Amino acid sequence: MPAVIKSAREIDLMLTAGRILGRVHEELAREIKPGMSTWDIDRIGEELIRSYGCIPSFLNYQGFPASVCVSVNDEVIHGIPSKKRILKDGDIVSLDTGVIYKGYQSDAARTVGVGNISKQAADLIEHTRLSFFAGMKYAKAGNRLFDISAAIGGYAGRLGYGVVRDYVGHGIGANMHEPPEVPNFRQKRRGMRLMAGMTLAVEPMINAGAWQVRQSPNGWTVRTADGSLSAHYENTILITAQGPKLLSVTEKEAERLSKAV
C-alpha cells in the first residue's frame, strides 16, 4: 500500500498532537526515580496525556493493557506496567507512548536512566538517540526511504551495537500504524521515494549486545535474547522538501534540534 500524504489541516493536527506528546515525555522523564513502580509511570503518563485533552493511543490498542509501554533494562519494547516491578538505581527504562488529538496520532519513545547509571548504559542511550539523527540526514523529499534505514543501522553497527530487526518504524496519521514500514537496518534496495507530506514514526531499537530478541510469555514484552541492555528512541516526523520536521518534541526542543536535522 502507498504512503498516506497528509493535507495541511492534518499536518497541523499532528503537529499539535506531537507538541503535546513532547511535553508529556519531558514531564514524565522528570518523574522517574528509584523506588517507583512501572505501574506508577503508566498512571502518571495517562494523567498527563488526558490533562492535555488527548486520548492515550496505546490503551487497549490491539489489547495492550496500559497507556505507556515501560520497558526496563533488557526489555526492548512493549513492557507491561506492573505494581510489582520496582525501578532500582542504575536501571534504564524505555518509555514508549502516544496521543490522539482530534483524531490524529503522534508516537514517540525515550530511554532514561534511573538514578546513577553506568557509562555503558549512558552511552547506549545517547548512541541510540544519535542513530535516529543519522537517519534524519536522509529524511527529505526526493530521497529514498531505506536510505534512512541504512544510516541508522550503519551508525549503530559501527559502534558494535545490535540493531533490532524484528520490529520497525511505520507510517502514522489518523491510524497508529500506516504504510510504509521503516526498518532500522540496511535493506537490499533503497525503497520508495520520500514525498512531502509523508508522516513517519522512526524508532531505532538498539541493543548493547546482539540484535536478536525473544518474546516474553505474556505475549507482549520483547527482550534481548542475550540479556543485554536495550534502548529505544522514536519521533513522529514530517517529510518536507527541506528535510524532516520533528513533530513529537516540544517547541523549545524543536528549535534546539533544528540544527541536528
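What counts and what doesn't
Residues numbered from 1 in each chain as written. Predicted model: local features only at pLDDT ≥ 70, side-chain atom pairs only at ≥ 80, totals over all residues. Heavy atoms only, no water. Helix = DSSP H or I, 4+ residues; strand = E, 2+ residues; numbered from the N terminus. Rg over C-alpha atoms; globule rule 2.2 N^0.38 Å. Contact = heavy atoms within 4.5 Å. Disulfide = S-S within 2.5 Å. Axes fitted to C-alpha atoms, helices over the stretch in contact; angles between N-to-C directions. Parallel < 35°, antiparallel > 145°, perpendicular 65-115°, else oblique. Left-handed = near helix turned anticlockwise from the far one by under 90°. Pairing = 2+ DSSP bridges. Expected span 1.5 Å × (residues − 1). Buried < 20%, exposed > 50% of the residue type's maximum accessible area, 1.4 Å probe, protein only. Arc of directions from axis to C-beta. 1 Å grid on protein atoms, 1.4 Å probe; cavity = no way out; pocket = protein on both sides within 12 Å on 5 of 7 lines; lining within 4 Å. Points joined across faces, edges and corners; volume = space filled by probe spheres on them. Nonpolar A, V, L, I, M, F, W, Y, C, P; charged D, E, K, R; others polar.

**Student:** Whenever I open this one, the overall build of the chain confuses me. Can you help?
**Tutor:** Looking only at helices and strands, the chain features five helices and 15 strands. Computed over its C-alpha atoms, the radius of gyration of the chain comes to 17 Å, within 12% of the 18 Å expected for a compact globule of 261 residues. Projected onto its principal axes, the C-alpha positions of the chain cover 45 × 40 × 35 Å. Partitioning the contacts of the chain with sequence separation of at least 6, the portion at a separation of at least 24 is 70%.

**Student:** What is the right way to look at the state of the cysteines in this model?
**Tutor:** Throughout the structure, instances matching the rule amount to zero disulfides. The thiol sulfur of C54 is not disulfide-bonded, and the nearest other cysteine sulfur, from C69, lies at 17 Å.

**Student:** Teacher, can you tell me more about the packing of helix α1 (residues 8–31) against helix α2 (residues 38–51) here?
**Tutor:** The relative placement of two packed helices is expressed as an angle between their axes plus a distance between the axes. Viewed as axis vectors pointing N to C, α1 and α2 meet at an angle of 150 degrees, and their least axial separation amounts to 10 Å. On the basis of the axis angle, α1 is roughly antiparallel to α2. Once α1 is placed against α2, the crossing between them reads as right-handed. When α1 is examined against α2, the residues V24, E27, L28 and E31 are found in contact with a partner set consisting of I41, I44, G45, L48 and I49.

**Student:** Help me understand the packing of helix α3 (residues 119–136) against helix α4 (residues 145–158), please; the structure alone is not making it clear to me.
**Tutor:** With their axes 7 Å apart at the nearest point, α3 and α4 run at an angle of 150 degrees to one another. Where α3 crosses over α4, the two elements pack in a sense that is right-handed. Contacts between α3 and α4 involve H127, L130, S131, A134, G135 and M136 from the first element and I148, A151, I152 and Y155 from the second.

**Student:** Quick question: what am I supposed to make of the sheet that holds strand β9 (residues 199–202) here?
**Tutor:** Each strand in a sheet pairs with its neighbour through backbone hydrogen bonds, running either in the same direction (parallel) or in the opposite one (antiparallel). As summarised here, the arrangement of the five strands in space is β8-β7-β9-β14-β15, forming an open sheet in which the pairing is antiparallel. In this open sheet, the two strands that pair with only one neighbour each are β8 (178–182) and β15 (244–246). This sheet shows a mean twist of 30 degrees between the axes of neighbouring strands, independent of strand direction. The pairing of β9 with strand β14 (residues 235–239) spans four bridges and is classified as antiparallel. The residue bridging T199 from the neighbouring strand is L238, located in β14. Running over the sheet, α1 touches β9, β14 and β15 and is turned about 45 degrees from β15. Here α3 sits on the sheet in contact with β9, β14 and β15, set at roughly 145 degrees to β15.

**Student:** Is there a simple way to explain α2 in this structure?
**Tutor:** In an α-helix, one turn spans 3.6 residues, which is why side chains three or four residues apart end up on the same side. Between the first and last C-alpha of α2 there are 20 Å, a value that for 14 residues agrees with the 20 Å anticipated at 1.5 Å per step. The complete set of buried residues in α2 reads T38, I41, D42, I44, G45, L48 and I49. The buried residues of α2 all sit within an arc of 165 degrees when viewed along its axis, so they share a single face. Contact partners of the buried residues in α2: α1, β1 (55–56), β2 (68–72) and β4 (92–101). G53 sits one or two positions beyond α2 and adopts a positive phi of about 75 degrees.

**Student:** Explanation requested: the layout of surface pockets in the structure shown.
**Tutor:** In this approach, a probe sized like a water molecule rolls over the atoms, and the result shows the empty space that is left. Size it by volume and the largest pocket reaches roughly 500 Å³. In terms of lining, the largest pocket is formed by 25 residues, of which the most central are Y61, H78, H170, H177 and E203. Secondary-structure elements contributing two or more residues to the lining of the largest pocket are β7 (169–171) and β8. For the lining of the largest pocket, the class distribution of residues is 11 nonpolar, eight polar and six charged. Considering the residues around the second largest pocket, the lining is formed by 18 residues, among which R110, T111, V112, Y233 and E253 are closest to the centre.

Functional significance is not addressed by these values, which are geometric in nature.
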